[in-house]
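Architecture and fold: a report
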Amino acid sequence: MLQKKNMMKHKIIFTMLFIAFLVNGCASIREVKPVSSVMSTEPTGKVVLMRNYSFIGAGIYFWATLNGEDIAGIYTDQHTIFSLSQGEYSLGVRCRGAWTLKWELDEIIANVEHGKTYYYLLSENESSFFIPLWDTCADIKEIKEDEGKRILEKSVFVAPGTNSDERKVFPR
């Protein structure tokens, strides 16, 4: 009897997780803006925002953001690249929360300098899928150049100002 109760409990948990995945996968497409609308005329530094492959969250969009504006919708194994003038910017990732389905934004401050390239990894926050009501669905962090170049080798470019139309649930 106890084993039957545990099986039922596991089925209910699995069903809730499956529904959360489906709802997130069907999230509406957000409007994205071209980077030129938030940058000045003389670009000097290059910024690369990318997603690594992960099965968890592979079917949902992450929106790369610049100063709070959505600039590209990307799936796993995809990236966007753009140039910015020297200065301080807010880079981030926006997605739907796993449990309450609110739009969540994680941001960091980047100081862009002349002639440098910066690599940032947008990754899912796996805790949000397993801890009820923890709604931080994605994180952004700066990564080293060699790691960024390694990820770019398997990544597909998505132009700023567009949403990807190539969902890839399994790795390339």
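Because the structure is a prediction, the values reported are computed rather than measured.

**With respect to the side chain of Ser164**
Following the sequence through the fold, Ser164 ends up in the segment after β10 (162–163). Given the relative accessible area of 7%, Ser164 is considered buried. Beyond its immediate chain neighbours, meaning those up to four positions away, Ser164 contacts Tyr61, Gly73, Ile74, Tyr75, Gln78 and Val158.

**Some words on the confidence of the model for the protein chain**
Taken residue by residue, the protein chain gives an average pLDDT of 78. The fraction at 70 or more is 62%. Per-element confidence in the protein chain is highest for helix α3 (residues 145–153), whose mean pLDDT is 95, and lowest for helix α2 (residues 127–130), whose mean pLDDT is 56.

**Overview of the side chain of Ser90**
Note on placement: Ser90 falls in strand β5 (residues 87–96). One polar contact links Ser90 to Glu107, side chain to side chain, over a distance of 2.8 Å. For Ser90, the residues in contact, after removing those within four places along its chain, are Thr65, Leu66, Asn67, Gly68, Glu107, Ile108 and Ile109.

**A closer look at the nonpolar core**
Of all hydrophobic cores here, the largest spans 24 residues; its most connected members are Val47, Leu49, Phe82, Leu91, Tyr120 and Leu122. Elements supplying a minimum of two residues to this core: β1 (45–51), β2 (62–66), β3 (69–74), β4 (78–84), β5, β6 (103–112), β7 (117–124) and β8 (138–143). For this core, the element with the most residues is β5, which contributes four residues. Ignoring sequence-local partners within four residues, the contact set of Tyr120 consists of Val47, Val48, Leu49, Met50, Leu91, Ile108, Ala110, Ile140, Lys141, Glu142 and Ile143. With six residues, the next largest nonpolar core counts Tyr119, Leu121, Ile143 and Ile151 among its residues.

**Considerations on the pairing of β3**
Of all six residues making up β3, five are buried, and the element is well covered by its neighbours. Relative to β3, β2 runs antiparallel, the two sharing five bridges. Looking across to β3, one finds that Leu66 is bridged to Glu69. In this structure, the hairpin formed by β2 and β3 is closed by a connection of two residues, where Asn67 is found at a positive phi of approximately 50 degrees. Here two bridges tie β3 to β10, and the two strands are oriented parallel to one another. Bridged to Ala72 within β10 is Thr162.

Parameters at a glance
Residues numbered from 1 in each chain as written. Predicted model: local features only at pLDDT ≥ 70, side-chain atom pairs only at ≥ 80, totals over all residues. Heavy atoms only, no water. Helix = DSSP H or I, 4+ residues; strand = E, 2+ residues; numbered from the N terminus. Buried < 20%, exposed > 50% of the residue type's maximum accessible area, 1.4 Å probe, protein only. Contact = heavy atoms within 4.5 Å. pLDDT = per-residue confidence, 0-100. Polar contact = N/O pair within 3.5 Å; in protein donor to acceptor, adjacent residues only side chain to side chain. Core = buried A, V, L, I, M, F, W, Y, C linked by side-chain atoms within 4.5 Å. Pairing = 2+ DSSP bridges.

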